[in-house]
Amino acid sequence: MISIESLTKTIGEKNILRGITLTVNQGETIGILGPNGAGKSTVLKIIGGLMKPSSGIVTINGLTIKKDPFLVKNKIGFLAHNSYLYDHFSPLENLIFFGKLYQVENCERKAKELIRDVGLTFFMHEPVRSFSRGMVQRLAIARAIIHEPEILILDEPHTGLDQQAVKLLNEVILKMKAKGSTILMVTHDFAQTVETCDRIVIMKQGSVVDDFHVTDRSVDYIYEKYAGQVG
Ligand SMILES: Nc1ncnc2c1ncn2[C@@H]1O[C@H](COP(=O)(O)OP(=O)(O)O)[C@@H](O)[C@H]1O
Ligand SMILES: [Mg+2]
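Residues numbered from 1 in each chain as written. Chains lettered and ligands numbered in written order. Predicted model: local features only at pLDDT ≥ 70, side-chain atom pairs only at ≥ 80, totals over all residues. Heavy atoms only, no water.

Draft legend 1. Region of the structure containing the layout of surface pockets. When its volume is computed, the largest pocket comes out at roughly 370 Å³. At the level of secondary structure, the elements contributing two or more residues to the lining of the largest pocket comprise α2 (69–75), β5 (76–79) and α3 (91–101). Taken together, the residues that form the lining of the largest pocket break down as nine nonpolar, four polar and two charged. (1 Å grid on protein atoms, 1.4 Å probe; cavity = no way out; pocket = protein on both sides within 12 Å on 5 of 7 lines; lining within 4 Å. Points joined across faces, edges and corners; volume = space filled by probe spheres on them. Helix = DSSP H or I, 4+ residues; strand = E, 2+ residues; numbered from the N terminus. Nonpolar A, V, L, I, M, F, W, Y, C, P; charged D, E, K, R; others polar.)

Now the structure itself:
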């Protein structure tokens, strides 16, 4: 369970987060929607320990990043705007590198499985620098999940993906979900949230303005709710 309490972030004069309180239950998949600059990435970065809040507290299964940084970070897989991949390494080399960092057992086998899952087997030994944006994103997805994180954080994972890769990504999300992972995903692709999310949180100007369960799986409903808050 992720518990976020009264989270604020101020940089200079700017109130980026104005008191976010949110509880994410284990196994839940949440889609975070909101206009550019709403503070969505900032919330994800604070949960993932990549940024410190100005005030407030985030606990993950009762642990905090501050007290147990390694324990907490081991539980989290983070797909950010930056791929965190090494350009001169191949997909296999990259995944083995990150797998070893997280002390993944049978690392090479796991790496090859993931490369197959994201459809890059044919390019397994090619340096990443020759890859298109979509191919990099596919590999970044594999990198984020190599240690089978309990919590998966995805910041705009659909951006730059072709139709086939979007389908692949949804399969990865559903597979992680079936294993009981908790997933937080920022996206502008409302249709994809309907495919995978249990709950939608809408953010605007550093606050949560709506929070509801996706029950009837209708994208129109989500558009309606979004328009009601964001316009
Ligand atoms: N390091 C930073 N310094 C100053 N302002 C920042 C910094 N990071 C983010 N911001 C500002 O915080 C606001 C929220 O950013 P962000 O969380 O990236 O929004 P979102 O992901 O919802 O588009 C934006 O107005 C952005 O310009
Ligand atoms: Mg963002």
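Once you've had a look at it, read on.
Draft legend 2. Expanded view of the sheet that holds strand β1 (residues 2–11). In spatial order, the strands read β2-β1-β4; together these three strands make up an open sheet with antiparallel pairing. Every interior strand has two partners, whereas the edge strands, β2 (14–24) and β4 (55–60), have only one. When the angles between neighbouring strand axes are averaged without regard to direction, this sheet yields 20°. Here five bridges tie β1 to β4, and the two strands are oriented antiparallel to one another. Pairing of T8 across the sheet is with S55, part of β4. (Pairing = 2+ DSSP bridges. Axes fitted to C-alpha atoms, helices over the stretch in contact; angles between N-to-C directions.)

Draft legend 3. View of the packing of aromatic side chains. Taken as a whole and assessed by the stated rule, the structure comprises 10 aromatic pairs. Geometrically, the ring pair formed by F122 and F123 is edge-to-face, given 5.3 Å between the ring centres and 90° between the ring planes. Between the aromatic rings of F123 and F131, the centroid separation amounts to 6.1 Å while the plane-to-plane angle is 70°, which identifies the pairing as edge-to-face. Look at F123 and you get partly exposed, because its relative accessible area is 29%. Taken together through their ring pairs, the aromatic side chains of Y86, F89, F97 and F98 make up a single cluster. (Phe/Tyr/Trp six-rings, centres within 6.5 Å; stacked < 30°, edge-to-face > 60°. Buried < 20%, exposed > 50% of the residue type's maximum accessible area, 1.4 Å probe, protein only.)

Draft legend 4. The arrangement of the nonpolar core in detail. Of all hydrophobic cores here, the largest spans 46 residues; its most connected members are L95 and I200. The leading source of residues in this core is helix α5 (residues 133–145), at eight residues. If you look at the next biggest cluster of nonpolar residues, it comprises 27 residues, including L22, I32, I60 and F78. (Core = buried A, V, L, I, M, F, W, Y, C linked by side-chain atoms within 4.5 Å.)

Draft legend 5. Here's a closer look at the sheet that holds strand β7 (residues 182–186). Ordered by their spatial adjacency, six strands build an open sheet running β5-β6-β7-β3-β8-β9, and the pairing between neighbours is mixed. Two strands lie at the open edges of the sheet, namely β5 and β9 (207–213), each paired on one side alone. When strand polarity is set aside, the average angle formed by the axes of neighbouring strands in this sheet is 15°. Inspection of the sheet shows strand β3 (residues 29–33) paired to strand β8 (residues 199–204) by four bridges, in the parallel sense. Across the sheet, the residue bridging to G31 is I200, located in β8. Contacts from helix α1 (residues 40–47) reach β3, β5, β6 (151–155), β7 and β8 within the one sheet, and its direction differs from that of β6 by about 150°. (Contact = heavy atoms within 4.5 Å.)

Draft legend 6. Fine view of the packing of α3 against α5. The interhelical angle for the contact between α3 and α5, taken along N-to-C directions, is 25°, at an axis separation of 9 Å. Considering their axes alone, α3 and α5 lie roughly parallel with respect to each other. Along this stretch, α3 crosses α5, giving a crossing that reads as right-handed. On the side of α3, the interface is formed by P91, N94, L95 and F98, while α5 contributes L139, A142 and R143. Here the residues of the contact of α3 with α5 are counted per class, giving five nonpolar, one polar and one charged. (Parallel < 35°, antiparallel > 145°, perpendicular 65-115°, else oblique. Left-handed = near helix turned anticlockwise from the far one by under 90°.)

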